[in-house]
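Structural characterization, general
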Amino acid sequence: MRLLKKTEEYRVDSELEAKEAMEQFRSEATANGYSVGACGYTYKEKKSKGEIIDEAWIVRCVKVYGTVWDNI
């Protein structure tokens with residue numbers, strides 16, 4: 001059995017931190033044996049009575065380790 005790809009999600013507290021995390025995934029890809037298939041972030045906010053009481057950015061990264069037809 002062989003791992004083909006893995007999707008990971010992380011919560012960060014700012015848009016800048018989300019962009020830095022995405023850049024970190026891309027820069028560490030070769031050294032850690034994967035390529036980045038997709039990477040992005042989404043802004044979420046929590047409201048109470050119409051007021052924003054919390055906010056977060058969700059970073060999603062798809063790490064590709066190989067394809068179905070790669071030789072071992």
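It should be noted that the structure appears before, not after, this text.
Only a predicted model underlies this, so the values are computations on that prediction, with no experimental measurement involved.

Taken together, three strands build an open sheet; the order of strands is β1-β3-β2 and the sheet is antiparallel. Strands at the two margins of the open sheet, each flanked by one partner only, are β1 (5–12) and β2 (35–48). Strand-to-strand twist across the sheet, computed as the mean angle between neighbouring axes with direction ignored, equals 20°. In this structure, β1 lies alongside strand β3 (residues 51–64), joined through eight bridges in antiparallel fashion. When the bridges of β3 are listed, E8 appears paired with C61. Where helix α1 (residues 15–28) meets the sheet, its contacts fall on β1, β2 and β3, and the angle it forms with β2 comes to roughly 160°.

On the secondary structure map, V36 appears in strand β2. Through-space distance from the C-alpha of V36 to that of R26 is 6.3 Å; in sequence the pair is 10 residues apart.

On to the nonpolar core. Membership of the largest hydrophobic core is limited to 10 residues, which are V12, A18, A21, M22, F25, A29, Y34, W57, V59 and C61. Put simply, the parts of the chain that give this core at least two residues each are α1 and β3. In terms of residues, this core owes the most to one element, α1, which gives four residues. Non-local contacts of V59, meaning those with residues more than four positions away in its chain, are made with E8, E9, Y10, V12, A18, A21, M22, F25, G40 and Y41.

The side chains of a regular strand alternate, residue by residue, between the two faces of the sheet. Pairing analysis gives 13 bridges linking β2 to β3, with the strands arranged antiparallel. Across the sheet, residue K44 finds its bridge partner in β3, namely A56. Linkage of β2 to β3, two consecutive antiparallel strands, is achieved through a turn of two residues, within which K49 is found at a positive phi near 55°.

Basis of the calculations
- Residues numbered from 1 in each chain as written.
- Predicted model: local features only at pLDDT ≥ 70, side-chain atom pairs only at ≥ 80, totals over all residues.
- Heavy atoms only, no water.
- Pairing = 2+ DSSP bridges.
- Helix = DSSP H or I, 4+ residues; strand = E, 2+ residues; numbered from the N terminus.
- Axes fitted to C-alpha atoms, helices over the stretch in contact; angles between N-to-C directions.
- Contact = heavy atoms within 4.5 Å.
- Core = buried A, V, L, I, M, F, W, Y, C linked by side-chain atoms within 4.5 Å.
- Buried < 20%, exposed > 50% of the residue type's maximum accessible area, 1.4 Å probe, protein only.

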